[in-house]
Amino acid sequence: MLELSNVNVYYGGIHALKNISIKIEEGEVVTLIGANGAGKSTTLKAISGMEKLKSGEIKFNGEKINSLNATSIVKLGISHVPEGRRVFSKMSVMENLEMGAYTRNDKGEINNDFEKVFSLFPRLLERKEQMAGTLSGGEQQMLAIGRALMSKPKLILLDEPSMGLAPIIVKEIFSIIRNINETGTTVLLVEQNANMALNAADRAYIIRNGEIEMEGNAKKMVADERVRKAYLEG
Ligand code: ATP
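Residues numbered from 1 in each chain as written. Predicted model: local features only at pLDDT ≥ 70, side-chain atom pairs only at ≥ 80, totals over all residues. Heavy atoms only, no water.

## Topic: the confidence of the model for the chain
The predicted coordinates of low-pLDDT regions are not to be read in fine detail. Considering every residue of the chain, the mean pLDDT works out to 93; 100% of them sit at 70 or more. In the predicted complex, the global pTM is 0.93; the interface-specific ipTM is 0.93. (pLDDT = per-residue confidence, 0-100.)

Okay, here's the thing in structure tokens:
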């Protein structure tokens, strides 16, 4: 479904992604884990058209997307939930969700998708007229995910959904991620919480200093001594 081949991204003189190659099959949950500054967010930004590639290629369902703008990429079916949530704080929950559907004009279907998002996140329904900025951190994360779902993505990119949330809320978010995947959306999950991410994923890539250091079955990685030492212990 998604294929990155030898992707290179620079920020001025900083070589942030070095020949990154990643493959995601339809229906999978794939996680990209790694330390602070390893290049996880940059990888997602390259996919969603927010950062330009210096070289390499990104294909989605066989179509080259790395010279398209971000809106065209959303229209093709890729939705990005950025790090730090970034909901529109002065807008209501409902208005935030409406913004998520900005690329669509199938009104009846959009209404169905509001229902779907509210059944996934009943708390958003209770708070639908509330200003997004007054929601708790967990609720804002739910809103950011709900907003992304309103574009009806085939692939959703999640950047550190667990960041800054209490463990019980993190569990809730991960169970929602599983649910989203089970209802047909492919997931690329970026996390610093390697333990939760590997347990939720089918396959994983470890990124270090802008390079893919290791890839494989997520459950096998949990058991791998090197992975445990570097990412799961301490
Ligand atoms: P984090 O969890 O801290 O977001 P990350 O793995 O997502 O880490 P990136 O944000 O992708 O890492 O950053 C990769 C590298 O690129 C880092 O060295 C970072 O300092 C640098 N970088 C990221 N964004 C910019 C930018 N806008 N300008 C310059 N350098 C940047």
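## Observations concerning the packing of aromatic side chains
Tallied over the entire structure, the rule returns zero aromatic pairs. Sitting above the plane of the Tyr10 ring, Lys54 keeps its charged end 5.4 Å from the centroid. (Phe/Tyr/Trp six-rings, centres within 6.5 Å; stacked < 30°, edge-to-face > 60°. Lys NZ or Arg CZ within 6 Å of the ring centre and 35° of its normal.)

## Here we look at the site of the ligand
Taken together, 14 residues lie near the ligand, and Asn36, Gly37, Lys40, Ser41 and Thr42 sit nearest. Between the ligand and Asn36, the relevant distance is 2.4 Å, taken from an oxygen atom to a side-chain nitrogen or oxygen of the residue. Measuring from an oxygen atom of the ligand, one finds a backbone N or O atom of Ser41 at 2.7 Å. Contact with the protein chains covers 65% of the free accessible surface of the ligand, which is 630 Å². Those elements that place two or more of their residues in the shell around the ligand are strand E2 (14-24) and helix H1 (40-47). A per-element tally of the shell around the ligand places H1 first, with three residues. By residue class, the composition of the shell around the ligand is five nonpolar, six polar and three charged. (Near = heavy atom within 4 Å. Polar contact = N/O pair within 3.5 Å; in protein donor to acceptor, adjacent residues only side chain to side chain. Areas by Shrake-Rupley, 256 points an atom, 1.4 Å probe, with all protein chains shown as cover. Helix = DSSP H or I, 4+ residues; strand = E, 2+ residues; numbered from the N terminus. Nonpolar A, V, L, I, M, F, W, Y, C, P; charged D, E, K, R; others polar.)

## Thoughts on the layout of surface pockets
Counted as a void, the largest pocket has a volume near 460 Å³. Lining the largest pocket are 20 residues, with Val74, Ser79, His80, Tyr102 and Arg147 positioned closest to its centre. Those elements that provide at least two residues to the lining of the largest pocket are helix H2 (70-76), strand E6 (78-81), helix H3 (93-100) and helix H6 (137-149). In this model, the second largest pocket occupies a volume close to 350 Å³. As for the second largest pocket, its lining consists of 15 residues, and the residues nearest its centre are Asp113, Lys116, Leu149, Thr183 and Thr185. Those elements giving two or more residues to the lining of the second largest pocket turn out to be helix H4 (107-120) and helix H7 (167-182). At five residues, H4 tops the list of elements feeding residues into the lining of the second largest pocket. Taken together, the residues that form the lining of the second largest pocket break down as six nonpolar, five polar and four charged. (1 Å grid on protein atoms, 1.4 Å probe; cavity = no way out; pocket = protein on both sides within 12 Å on 5 of 7 lines; lining within 4 Å. Points joined across faces, edges and corners; volume = space filled by probe spheres on them.)

## As for the nonpolar core
In terms of nonpolar packing, the biggest core is built from 49 residues, with Phe121, Ile145 and Leu198 touching the most fellow members. Broken down by element, the residue count for this core peaks at seven residues, all from H7. Not counting residues within four places of it along the chain, the set of residues in contact with Phe121 comprises Met142, Ile145, Gly146, Leu149 and Ile176. Counting 27 residues, the second largest nonpolar core, distinct from the first, contains Leu4, Leu17, Leu32 and Phe60. (Core = buried A, V, L, I, M, F, W, Y, C linked by side-chain atoms within 4.5 Å. Buried < 20%, exposed > 50% of the residue type's maximum accessible area, 1.4 Å probe, protein only. Contact = heavy atoms within 4.5 Å.)

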